[in-house]
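Residue-level listing of the chains:
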Amino acid sequence: MFNTARWRLTVVFTGVVVVLLLVAGIAIYFTTSSLIYRRVDAELADKAQTELFLTDPGDHGGHGPDDHGAPPTGQFDQGGYFYAVSDTSGNVSSMSYDADDNSLVSANTLAAAVKNGSAVQQTTSANGEDQRVYALLVDHPGQSAQVLQIGRSIDSEQGALSELRTILLVTIIGSIIPALTGGYLLSGRALRPIRTSVDAQRAFVADASHELRTPVAVVKTNAELLVKHLQSGKLGQSPNDALAIEDILGETDRMAKLVSQMLTLAQVDAGQQTIAPSPMSLGELADEVGRSMRALADAKQLTLDVRADPAVWVEGQRDRLREVLVTLVDNAIKYTDAGGRVVLAVERRHRKAVVTVSDTGAGIPSDSLKHIFERFYRVDKARTRDEGGTGLGLAIARHMVAAHGGDIRIDSDVGKGTRITIELRLLAHEVTTDEPLSQSSAAN
Ligand code: ADP
């Protein structure tokens, strides 16, 4: 799929480059050609304005129509110029030896020159050669108007233009291979982030399906067992029935949590998980989370200690930050054995609001730490499953903290415990002083 897209992009890129070069080439060619002909026309006009012809067009040393064989004595016999003098109807009275009727401007052009009383230019063709001719109406008082035509071969100009055409064509054709190579490299680079994101989505869907398979299988097996007992009239007689119902409820809870977390991450990926922040006390939030998690800690015979400074305020979305704290405290309780200790602390440190959740639990091996915020990553899959973990909690927490413009990091020592630290921006007016915790608390 990506290779097809890459080649398509390459071909489109090459096409665009070639079309642009073609347009530029055409523009260069026509501009150059027009400049060249303008110079030739100016040169012929200069020539025509020579004193000799303007002062006395009838006496220019030329020869009448019958004298074509002899060279003119004027300057037009030098430098490859030819000339002709005619009346306004085109009847030639004098013409240089190297001109013939085909060299001269057409009758229509001549008529236009006469009508407008101005000079005209035309490219003519004689003896297999193109010539540029300049026709000038010469109207001396007391004399009948005459038309002077001066021209010369434009062979050398056409040769130069033909060379230019070849150069442009070679450049355009020669650009195809570099354009293909460049397009291929560029499209590869442009598609890389899309490819990474699609690969991540594929992995996410595969992991999600895998995660859902087990609970679905557990629910099905237990439901089948219950149906069997129902059909045999023995439902409720075996202690396994109660366990089966417990399993079904436990797995449906897990599935519900998994689905809701996947939905959150899908919204994060779609950029729909924006936050609506408002000023809030992080310390108060921590106290509330501590209260709601205390029963869980007691059930596991853990000490849950909350050291929260209510004076620490941030700009945040309360329910999202609550979700993050619950995930962290829940993990700390889940992965700490009975008799251990979990501490949730909120303080102001280095002009930041800092939340730490530390425990005296199993800890995380250092090679797992770099993967810990990845989706579906779990250090000990069996234990996590037993604890009802999904492997998505920390991934979501990281997104939520980032959405608040904060940082989250984890430190852990195997056998000693884990500490997760979140740093958030303090509310603007809070930053003005950096008082110690006790003073801030006293002030409130
Ligand atoms: P889960 O729902 O599995 O807890 P998380 O994303 O919250 O998913 O955590 C990912 C993994 O990180 C967990 O499965 C666990 O292996 C490890 N982990 C998280 N917090 C702790 C902790 N406080 N102590 C030890 N391991 C932890």
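The coordinates are above.
Bear in mind the structure is a predicted one, so any value in this text is a computation, not a measurement.

A. Structural context of the packing of helix α8 (residues 318-334) against helix α11 (residues 393-403). Across the interface, α8 lies against α11 with an axial gap of 9 Å and an inter-helix angle of 145°. Two packed elements cross with a definite hand, and for α8 against α11 that hand is left-handed. On α11, the residues that touch Arg 320, Glu 323, Val 324, Thr 327, Leu 328 and Asn 331 of α8 are Gly 393, Leu 394, Ile 396, Ala 397, Met 400 and Val 401. The residue inventory of the contact of α8 with α11, partitioned by class, reads 7 nonpolar, 3 polar and 2 charged.

B. A look at the site of the ligand. Contacts to the ligand come from 18 residues, most closely from Asn 331, Arg 378, Thr 384, Thr 390 and Leu 394. In the model, an oxygen atom of the ligand is placed 2.7 Å from a nitrogen or oxygen of the Thr 390 main chain. Note that an oxygen atom of the ligand is positioned 2.8 Å from one of the backbone N or O atoms of Leu 394. A total of 530 Å² of accessible area belongs to the ligand in isolation, and the protein chains cover 97% of it. Of all the elements in the fold, those that place two or more residues in the shell around the ligand are α8 and α11. Among the elements that line the shell around the ligand, the one with the most residues is α8, at 3 residues.

C. Spatial organisation of the environment of Arg 349. When you line up the elements, Arg 349 lands in strand β9 (residues 341-349). In the structure, Arg 349 is positioned 37 residues away from Val 312 in sequence and 10.0 Å away in space, judged by C-alpha atoms. Apart from the residues within four sequence positions on either side, Arg 349 is in contact with Val 354 and Thr 356.

D. Geometry of the packing of aromatic side chains. Scanning all chains against the criterion turns up 3 aromatic pairs. Relative to Phe 30, the ring of Tyr 29 lies with its centre 5.3 Å away and its plane at 85°, an arrangement referred to as edge-to-face. Ring geometry for Phe 204 and Phe 376: centres 5.6 Å apart, planes at 35°, overall tilted. On the criterion of sequence distance, the pair formed by Phe 204 in helix α5 (residues 176-231) and Phe 376 in the loop between α9 (366-369) and α10 (381-386) is long-range, its members being 172 residues apart. Taking relative accessible area as the criterion, Phe 376 reaches 6% and is therefore assigned buried. Arg 6 extends its terminal NZ or CZ atom over the ring of Tyr 184, reaching a point 3.8 Å from the ring centre. Residue placement shows Arg 375 over the ring face of Phe 204; its charged tip is 5.1 Å from the ring centre.

E. Structural detail: unusual backbone geometry. One non-glycine residue, Gln 301, lies in positive phi territory at about 55°. Along the chain, the position of Gln 301 falls in the loop between α7 (282-299) and β7 (303-308). What makes Gln 301 exposed here is its relative accessible area of 57%.

F. Spotlight on α7. Relative to the 26 Å expected for 18 residues at 1.5 Å per residue, α7 spans 26 Å between its end C-alpha atoms, a close match to the ideal helical length. Remark: the principal bend of α7, roughly 45°, maps to Met 293. Of all the residues in α7, the buried ones are Leu 282, Gly 283, Leu 285, Ala 286, Val 289, Gly 290, Met 293 and Ala 297. Positioned one or two residues after α7, Gln 301 has a phi angle of 55°, which is positive.

G. Spatial organisation of the sheet that holds strand β12 (residues 417-425). Spatial strand order, β7-β9-β10-β12-β11: 5 strands in an open sheet with mixed pairing. A strand with exactly one partner marks an edge of an open sheet, and here the two such strands are β7 and β11 (407-413). Shown here is a sheet whose adjacent strand axes are inclined to one another by a mean of 10°, direction ignored. Sheet topology places β11 next to β12; 7 bridges connect them, and they run antiparallel. What sits directly across from Ile 408, in β12, is Ile 422. Packing of α7 onto the sheet brings it into contact with β7, β9, β10 (352-359) and β12, and relative to β7 it is tilted by some 175°. Against the sheet, α8 engages β7, β9, β10 and β12, with an angle of about 25° to β10.

Conventions used here
Residues numbered from 1 in each chain as written. Predicted model: local features only at pLDDT ≥ 70, side-chain atom pairs only at ≥ 80, totals over all residues. Heavy atoms only, no water. Axes fitted to C-alpha atoms, helices over the stretch in contact; angles between N-to-C directions. Helix = DSSP H or I, 4+ residues; strand = E, 2+ residues; numbered from the N terminus. Left-handed = near helix turned anticlockwise from the far one by under 90°. Contact = heavy atoms within 4.5 Å. Nonpolar A, V, L, I, M, F, W, Y, C, P; charged D, E, K, R; others polar. Near = heavy atom within 4 Å. Polar contact = N/O pair within 3.5 Å; in protein donor to acceptor, adjacent residues only side chain to side chain. Areas by Shrake-Rupley, 256 points an atom, 1.4 Å probe, with all protein chains shown as cover. Phe/Tyr/Trp six-rings, centres within 6.5 Å; stacked < 30°, edge-to-face > 60°. Buried < 20%, exposed > 50% of the residue type's maximum accessible area, 1.4 Å probe, protein only. Lys NZ or Arg CZ within 6 Å of the ring centre and 35° of its normal. Expected span 1.5 Å × (residues − 1). Bend = angle between axes of the 7 residues up to and from the residue. Pairing = 2+ DSSP bridges.

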